[in-house]
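Spelled out, the chains give:
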Amino acid sequence: MTSQLPTKKPSIPDKLSQDEAFEKIEETVEAPTEQDIDLEFLYTRDIEFRQETIYFIVVDRFYDGDPDNNQGPNPELYDPEKQEWGKYWGGDLQGVIDQLDYLKNLGVTALWLTPLFEQVEGLFFESAAVHGYWTKDFKRLNPRLIGVNENPSLNETQETRDTVFDRLIEELHKRKMKLILDMVCNHSSPDVAGLKGELYDDGVKIADFHNDENHWYHHYGEVTNWEDEWQVKNCELAGLASFNENNINYRTYIKSAIKQWLDRGIDALRIDTVKHMPIWFWQEFIADITTYRPDIFIFGEWIYSSPDDGRSVEFVNNSGMSILDFGLCIAIRRALGNCEEGGFYLIKDVLDKDHYYDGATELITFIDNHDMHRFQTLNQNPDDLQLAIALIMTSRGIPCIYYGTEQYLHNDTNGDPNPYGNNDPYNRPMMEKWDKDSPVYRAIRLLSGVRRFNPAVSMGGQWQKYITPDIYCYTRRYRDSRVFVALNRGENVTLEAVETGFPDGEHTDIMSPNKYEVQDGKIHNLQLDYKQVIVLSHLGERLKAQTIIRAQLNGVETLPGESIVVIGDCPELGNWDIAKAYPLEYINSNTWFGEIPFNESAGKLINYKYVLLREGQSPLRENIIARRWVIASEGIVKWRDKWASGRES
């Protein structure tokens, strides 16, 4: 759950450093009391996204809910026959609203929409800005996506909030769904009709690539060597005007624009082309945005990131945002799209490197998107598609479904078997069917329910139980909750015994009426049919408390038999008694995680630190002064900490 942010305003000035703020608290609070300390800026209240199922929509290609806006400012860019793939076809925000019940029934909990900002109105190599990544004004809505009588000016609608955009947010939140706003900080527009990089601040021109007296843009030409990191971060991507992040006026503008959309009610950000800007920019940007809205989830696109790409790993560990997991995507496309000989071992090789990341469970997983062949362009077998969907819905990370996948939507023009291939724009066809009984639609609906209700999927660790190139069995576990998954990409087979980690007894498959008997933690003579998916779910007792801290510790190397606990000066953490400390769960060799219930100490200032318990040796405490935190009076809060000690006692 995510509670409402406190409305009570702190009396302490908001420009104090954390240490100064703590001193102020200590002046006004003689000792920990029952009094709530309602100081929002002293703790991070973070939105929890790991239980979400994301659905990614290219808005223009989804559904035309308002034909009156199709012509837009330049009617020549609209193709009513839907034959010219570089032109607009009419999808809009009213169309998204019209299909919200379809998406809700599918199990979607968060919508990622292509950028909604005002775009340049012209053709660049026979393509208009259908995708939304050639922004003209970050503070105005694209008039092609809203009502013809709705002024796109953000400032004029900020108070009344009466556009279709605002109605979309209202309708989403009524259904307990979230909106992810897509944006690009790296660039504006290409040279469309000689107007390269013309940028506006709510209708007022502020920059122009061809007349750049105030240095809003880099002018180093296009990238010619993709292995040269300086070029990647400073040169142009495909002729797009590349912003000069060193310009404080640019940074102020882009952050102010995003804050205005945050005020309109968006729940998360997806940021394009993050590898093309230096990490210091992102650290500043994320710090500023999350200070303004602590309960915002942010993820970025580092194209073809992977655990073997050290730069992308460094980015996700140090930027403050998560990223799209291209490494797992490509492995799935090779194993289940191209059906390569290595099979599930290709996927295992990626998951075995999860410890490279500080937050592997928050990576965004997917099997295709708007920048690559759709999965079924690689492989038209619907059973293989269902295997791939089941894998991302039950494995670690936050799954993202590309629009129309549940309806087998694909156009294979210019397709090829390369898992890295991109038949753009044919991977962006118009949505055509709304069948709620398609097998993949039903599978996503069922598995989304498992994600929401079983914390083993969203927050737990993954334990491989059986693997061959054609068979992959694994258990996800958190506390006493379990999910067991068996995938078979090959012919019928019977496994003599498979360990599940489940309690003994009969368990029903989520995907079918079949029941499976567990004895001594194992399923004996497990029969897996051709292309079969089995998902068993066992729910343990759910944690309940006034405030729940979701504590994650990275950077500690534990050996078999060792464990991590949290101690502190409050009853929930044992009042410094290690025997009463709160244990965390092993996720991978870099990550320990646990939900800690706070009732008695909710709303109070506490001190805490982590301890490594070692069999036959003295406990190893962190070598730091205790961490300090004001526990929120209610809701869910995240701690993200790094181990502050070595291995020596």
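Residues numbered from 1 in each chain as written. Predicted model: local features only at pLDDT ≥ 70, side-chain atom pairs only at ≥ 80, totals over all residues. Heavy atoms only, no water.

S.K.: A description of the pairing of strand β29 (residues 635-642) should follow, citing residues and the corresponding values.
M.R.: Judged by how many residues are buried, β29 sits mostly within the fold: six of eight residues are covered. Across eight bridges, strand β21 (residues 547-554) lies against β29 in parallel orientation. Paired with Ile 549 across the strands is Val 637, a residue of β29. (Buried < 20%, exposed > 50% of the residue type's maximum accessible area, 1.4 Å probe, protein only. Helix = DSSP H or I, 4+ residues; strand = E, 2+ residues; numbered from the N terminus. Pairing = 2+ DSSP bridges.)

S.K.: Before we move on, could you go through the sheet that holds β29 and cite the residues and values that matter?
M.R.: Spatially, four strands are ordered β24-β25-β21-β29 in an open sheet, and the strand pairing comes out mixed. Either end of the sheet is taken by a strand with one partner, and the two such strands are β24 (585-588) and β29. Taken pair by pair, the neighbouring strands of this sheet meet at an average axis angle of 25°, ignoring direction. As defined by bridge partners, β24 adjoins strand β25 (residues 591-598) across three bridges and the pair is classed as antiparallel. (Axes fitted to C-alpha atoms, helices over the stretch in contact; angles between N-to-C directions.)

S.K.: Mind laying out the side chain of Lys 275, listing which residues take part and the relevant values?
M.R.: Along the chain, Lys 275 turns up in the loop between β8 (268-272) and α8 (279-292). Buried within the structure, Lys 275 lacks any salt-bridge partner; its nearest side chain of opposite charge belongs to Asp 309, at an N-O separation of 5.3 Å. Dropping the residues within four chain positions of it, Lys 275 is found in contact with Val 232, Lys 233, Glu 301, Trp 302 and Ile 303. (Lys, Arg positive; Asp, Glu negative; His and termini not counted. Salt bridge = Lys/Arg side-chain N within 4 Å of Asp/Glu carboxyl O. Contact = heavy atoms within 4.5 Å.)

S.K.: Let's hear about the environment of Gln 283: which residues, and what values?
M.R.: Within the secondary structure, Gln 283 is located in helix α8. Of the residues examined, Gln 283 reaches a relative accessible area of 35% and is grouped as partly exposed. The spatial distance from the C-alpha of Gln 283 to the C-alpha of Gly 122 is 34 Å, given a sequence separation of 161 residues. Every residue in contact with Gln 283, bar those within four places of it in the chain, is listed here: Asn 318 and Ser 319. Within the local environment of Gln 283, its side chain forms a polar contact with the backbone oxygen of Asn 318, the two atoms lying 3.0 Å apart. (Polar contact = N/O pair within 3.5 Å; in protein donor to acceptor, adjacent residues only side chain to side chain.)

S.K.: Please give an account of the packing of α8 against helix α9 (residues 310-318) that cites residues and values.
M.R.: Between two packed helices, what matters for the description is the angle formed by their axes and the separation of those axes. Contact geometry for α8 and α9: axes closest at 10 Å, N-to-C directions at 20°. Here α8 lies roughly parallel to α9, going by the angle between them. The chirality of how α8 crosses α9 is right-handed. Residue-level inspection shows Ile 279, Trp 282 and Gln 283 of α8 in contact with α9, the latter providing Glu 314, Phe 315 and Asn 318. When the residues that make up the contact of α8 with α9 are grouped by side-chain class, the tally is three nonpolar, two polar and one charged. (Parallel < 35°, antiparallel > 145°, perpendicular 65-115°, else oblique. Left-handed = near helix turned anticlockwise from the far one by under 90°. Nonpolar A, V, L, I, M, F, W, Y, C, P; charged D, E, K, R; others polar.)

S.K.: Describe the packing of aromatic side chains, and please don't skip the residues or the numbers.
M.R.: Within the structure shown, the criterion is met by 44 aromatic pairs. Measuring from centroid to centroid gives 6.1 Å for Phe 138 and Tyr 253, while their planes differ by 80°, and the two rings are edge-to-face. Separated by 115 residues along the polypeptide, Phe 138 in strand β4 (residues 135-141) and Tyr 253 in helix α7 (residues 248-263) bring together distant segments of the chain. Note on accessibility: Phe 138 and Tyr 253 belong to one class, buried. (Phe/Tyr/Trp six-rings, centres within 6.5 Å; stacked < 30°, edge-to-face > 60°.)

S.K.: I'd like a rundown of the UniProt feature "domain: CBM20" (unreviewed entry) in the chain, residues and numbers included.
M.R.: In the numbering used here, UniProt assigns the feature "domain: CBM20" (unreviewed entry) to residues 541-645. Span residues 541-645 is 0% helix and 49% strand, its end C-alpha atoms 34 Å apart. (UniProt positions renumbered as here; feature names shortened; annotations may be inferred.)

S.K.: Tell me what's going on with the environment of Asp 295, and back it up with residues and numbers.
M.R.: Among the secondary structure elements, Asp 295 is positioned in the loop between α8 and β9 (297-300). Of the residues examined, Asp 295 reaches a relative accessible area of 13% and is grouped as buried. Between the C-alpha atom of Asp 295 and that of Lys 87, which follows or precedes it by 208 residues, the distance is 37 Å.

S.K.: Any details on the nonpolar core? Residues and values, ideally.
M.R.: Formed by 132 residues in total, the largest nonpolar core has its most connected members in Tyr 55, Leu 103, Leu 111 and Phe 285. The contacts of Phe 285, once residues within four sequence positions are left out, are Met 183, Cys 185, Ile 254, Lys 255, Ile 258 and Ile 271. Counting residues in hydrophobic clusters, the runner-up holds 24 residues, among them Leu 553, Ile 564, Tyr 610 and Leu 620. (Core = buried A, V, L, I, M, F, W, Y, C linked by side-chain atoms within 4.5 Å.)

S.K.: Quick one: what's the story with empty space enclosed by the protein, residue by residue and with numbers?
M.R.: Enumeration over the complete set of coordinates arrives at three cavities of 30 Å³ or more. Estimated volume of the largest cavity: approximately 60 Å³. As for the largest cavity, its lining consists of Val 59, Asp 60, Tyr 88, Thr 114, Pro 115, Ala 129, Val 130, His 131, Gly 132, Asn 142 and Leu 145. Along the lines of polarity and charge, the residues of the lining of the largest cavity split into six nonpolar, four polar and one charged. (1 Å grid on protein atoms, 1.4 Å probe; cavity = no way out; pocket = protein on both sides within 12 Å on 5 of 7 lines; lining within 4 Å. Points joined across faces, edges and corners; volume = space filled by probe spheres on them.)

S.K.: Explain the sheet that holds strand β12 (residues 398-402) to me, and be specific about the residues and the numbers.
M.R.: Read across the sheet, eight strands follow the order β10-β9-β8-β5-β2-β1-β12-β11 without closing on themselves; strand pairing throughout is parallel. The two strands at the open ends of the sheet, each matched to only one other strand, are β10 (322-323) and β11 (364-365). Strand direction decides the pairing type here: β11 and β12, joined by two bridges, are parallel. Within β12, the position partnered with Thr 365 by the bridge is Pro 399. Lying on the sheet, helix α5 (residues 164-174) is in contact with β2 (110-113) and β5 (178-184); it crosses β5 at an angle near 140°.

S.K.: Tell me about α7, and please be specific about residues and values.
M.R.: If you check α7, its first and last C-alpha atoms are 22 Å apart, about what 16 residues at 1.5 Å a residue would give, namely 22 Å. Inspection of α7 places Tyr 250, Arg 251, Tyr 253, Ile 254, Lys 255, Ala 257, Ile 258, Lys 259, Gln 260, Trp 261 and Leu 262 among the buried residues, and these make up the whole buried set. Of the residues flanking the start of α7, the one acting as N-cap is Asn 247, its side-chain oxygen 2.8 Å from the backbone nitrogen of Asn 249. Looking one or two residues past α7, Gly 265 carries a phi angle of roughly 115°, positive in sign. (Expected span 1.5 Å × (residues − 1).)

S.K.: Tell me about the pairing of strand β7 (residues 204-207), residues and numbers included.
M.R.: Both strand β6 (residues 199-201) and β7 contribute to a ladder of three bridges, which runs antiparallel. Of the residues in β7, the one forming a bridge with Leu 199 is Ala 207. Remark: two residues form the turn of the hairpin made by β6 and β7, two consecutive strands paired antiparallel; Asp 202 in that turn has positive phi of roughly 50°.

S.K.: Lay out the pattern of salt bridges in plain terms, naming residues and giving numbers.
M.R.: It is possible for side chains of opposite charge to pair when their charged atoms get near one another. Following the criterion strictly, the structure yields 42 salt bridges and no others. The shortest N-O distance in the salt bridge between Arg 167 and Glu 150 comes to 2.8 Å. Highlighted residues: Arg 167 in helix α5 and Glu 150 in the loop between β4 and α4 (154-157), separated in sequence by 17 residues. According to the relative accessible area criterion, Arg 167 is partly exposed, its value standing at 34%.

S.K.: Before we move on, can you summarise the packing of helix α13 (residues 382-394) against helix α14 (residues 439-453) with the specific residues and values?
M.R.: Look at α13 against α14: their axes get within 10 Å of each other, and the N-to-C directions meet at 15°. Between α13 and α14, the crossing angle belongs to the class labelled roughly parallel. Crossing of α13 over α14 shows right-handed handedness. Across the interface between the two elements, Leu 385, Gln 386, Ile 389, Ala 390, Ile 392, Met 393 and Thr 394 of α13 pack against Pro 439, Val 440, Ala 443, Ile 444, Leu 447, Ser 448 and Arg 451 of α14.

S.K.: Please provide a residue-by-residue account of the side chain of Arg 489, values included.
M.R.: Structurally, Arg 489 is set in the loop between β15 (481-488) and β16 (493-499). Polar contacts involving the side chain of Arg 489 include one to the main-chain carbonyl oxygen of Glu 340, which spans 2.9 Å. There is a polar contact of 2.7 Å between the side chain of Arg 489 and the side chain of Asp 470.

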